[in-house]
Amino acid sequence: MTNKKMLIGSLSNDLYRVANLTARGSQKSANRFWQESKRWSLELSNQDLKDYIKDIIIDLNSDIDSNVSQEKAEKLLMYGTLLQNYSVNID
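Predicted, not measured: the structure shown is a model, and the values here were computed from it. As a convention, each chain's residues are numbered from 1 in the sequence order in which they are written. For a predicted model such as this one, the threshold for reporting local features is a pLDDT of at least 70, and the threshold for listing and counting side-chain atom pairs is 80 or more; totals across whole chains, interfaces and linings nevertheless cover every residue. Only hydrogens and water are set aside; all other atoms, that is, all heavy atoms of the structure, feed into the side-chain values.

(A) Expanded view of the environment of Ser12. Its location among the elements puts Ser12 in helix α1 (residues 3–24). Residue classification places Ser12 among the buried positions, given a relative accessible area of 5%. For the pair formed by Ser12 and Asp48, sequence separation is 36 residues and the distance between their alpha carbons is 17 Å. We call two residues contacting when some pair of their heavy atoms lies within 4.5 Å. Apart from the residues lying within four places of it in its own chain, the contact partners of Ser12 are Gly80, Leu83 and Gln84. Starting at the N terminus, helices and strands are each numbered in turn, a helix being any DSSP run of H or I of at least four residues and a strand any DSSP run of E of at least two. Only protein chains enter the area calculation, which uses a 1.4 Å probe; residues under 20% of their type maximum are buried, those over 50% are exposed, and those in between are partly exposed.

(B) Seen up close, a nonpolar patch on the surface. A grouping of Tyr52, Met78 and Leu82 is seen on the molecular surface, where their side chains present a nonpolar patch of about 270 Å² in accessible area. By the element assignment, Met78 lies in helix α4 (residues 70–88). Judged by its relative accessible area of 44%, Met78 is partly exposed. Only residues whose relative accessible area exceeds 30% and that form no salt bridge are eligible for patches; like-charged ones are grouped when within 9 Å, while nonpolar side chains (Val, Leu, Ile, Met, Phe, Trp, Tyr) are grouped when within 5 Å. All accessible areas in this document rest on Shrake-Rupley with a 1.4 Å probe, and a residue is counted as covered only by the protein chains that are shown. Just to be clear on terms, a salt bridge is a Lys or Arg side-chain nitrogen sitting within 4 Å of an Asp or Glu carboxyl oxygen.

(C) Highlighting the pattern of salt bridges. Across all of its chains, the model carries five salt bridges by this definition. In this structure, Glu36 and Arg39 form a salt bridge, with 3.4 Å as the shortest nitrogen-oxygen distance. Separated by three residues within a single helix, Glu36 and Arg39 lie in helix α2 (residues 27–44), roughly one turn from each other. For Lys75, the salt bridge identified is with Asp59, shortest N-O distance 3.1 Å. A residue pair is termed long-range when its members are at least 10 positions apart, and Lys75 in helix α4 and Asp59 in helix α3 (residues 51–62) qualify at 16 residues. Residue Asp59 is classed as partly exposed on the basis of its relative accessible area of 24%.

Shape is all these values report; function is a separate question.
Below, the structure is given as structure tokens:
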């Protein structure tokens, strides 16, 4: 497994956790996983990625709000799914 694939998979998993925890009302836990996902997205900002994945990473890195709303959680769930699908197809 490549480092890039591991980073994308980790980011995808954390975004999925944020969305699920937000939906269940566990805001404190969702915020913790949101901060962890920021770590992965920062590491990915230096990787060679497809343009639509770069756009996701840029959007995640530019979001400075530490709280996760329901609307934001839905966007993060979509991003997590896109990243997971992308990671399956890279070497």
